[in-house]
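Notes for the structure review
These are the residues of each chain, in order.
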Amino acid sequence: MNFLKTKKRNPPKKEDFLKKALLEAQKNFEDAYKGLQNVNDPDLIDSYIYAINAATLRYKVLLHEVKMVSNDNSSASHRREA
């Protein structure tokens, strides 16, 4: 009955997940900015501006979360050392 035994996978750490999402938001911003430079259609321009604004806001939120998690981890390690 080995097939019933499955390895338990540890979920990714929150900090790792946030950093990956941060890089993805940065890439989305860069892609939207590059796309904006190559269009003339007003609807596409609006779409790319929307994408840039969304990626910028997402980046800011994720950056704030990464800083909060990093601060929590560093303060927890200081408490353990004391």
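Higher on the page you've got the structure.
Everything in this summary refers to the structure shown in the same document.

The rules behind the values
- Residues numbered from 1 in each chain as written.
- Predicted model: local features only at pLDDT ≥ 70, side-chain atom pairs only at ≥ 80, totals over all residues.
- Heavy atoms only, no water.
- Helix = DSSP H or I, 4+ residues; strand = E, 2+ residues; numbered from the N terminus.
- Contact = heavy atoms within 4.5 Å.
- Areas by Shrake-Rupley, 256 points an atom, 1.4 Å probe, with all protein chains shown as cover.
- Phe/Tyr/Trp six-rings, centres within 6.5 Å; stacked < 30°, edge-to-face > 60°.
- Buried < 20%, exposed > 50% of the residue type's maximum accessible area, 1.4 Å probe, protein only.

A word on the overall build of the protein chain. In terms of regular secondary structure, the protein chain is built from two helices and zero strands. Pairs at least 24 residues apart make up 67% of the contacts formed inside the protein chain by residues separated by at least 6 positions. With an accessible surface of roughly 7,300 Å², the protein chain has 56% of that area assigned to carbon and sulfur atoms.

So, on to the packing of aromatic side chains. Enumeration over the complete set of coordinates arrives at one aromatic pair. Ring plane angle 15 degrees and centroid distance 6.3 Å describe the contact between phenylalanine 29 and tyrosine 33, whose orientation is recorded as stacked. Of this pair, phenylalanine 29 and tyrosine 33 are both found in helix α1 (residues 14-36), four residues apart, which corresponds to roughly one turn of the helix. The exposure class assigned to phenylalanine 29 is partly exposed, which follows from its relative accessible area of 31%. The exposure class assigned to tyrosine 33 is partly exposed, which follows from its relative accessible area of 42%.

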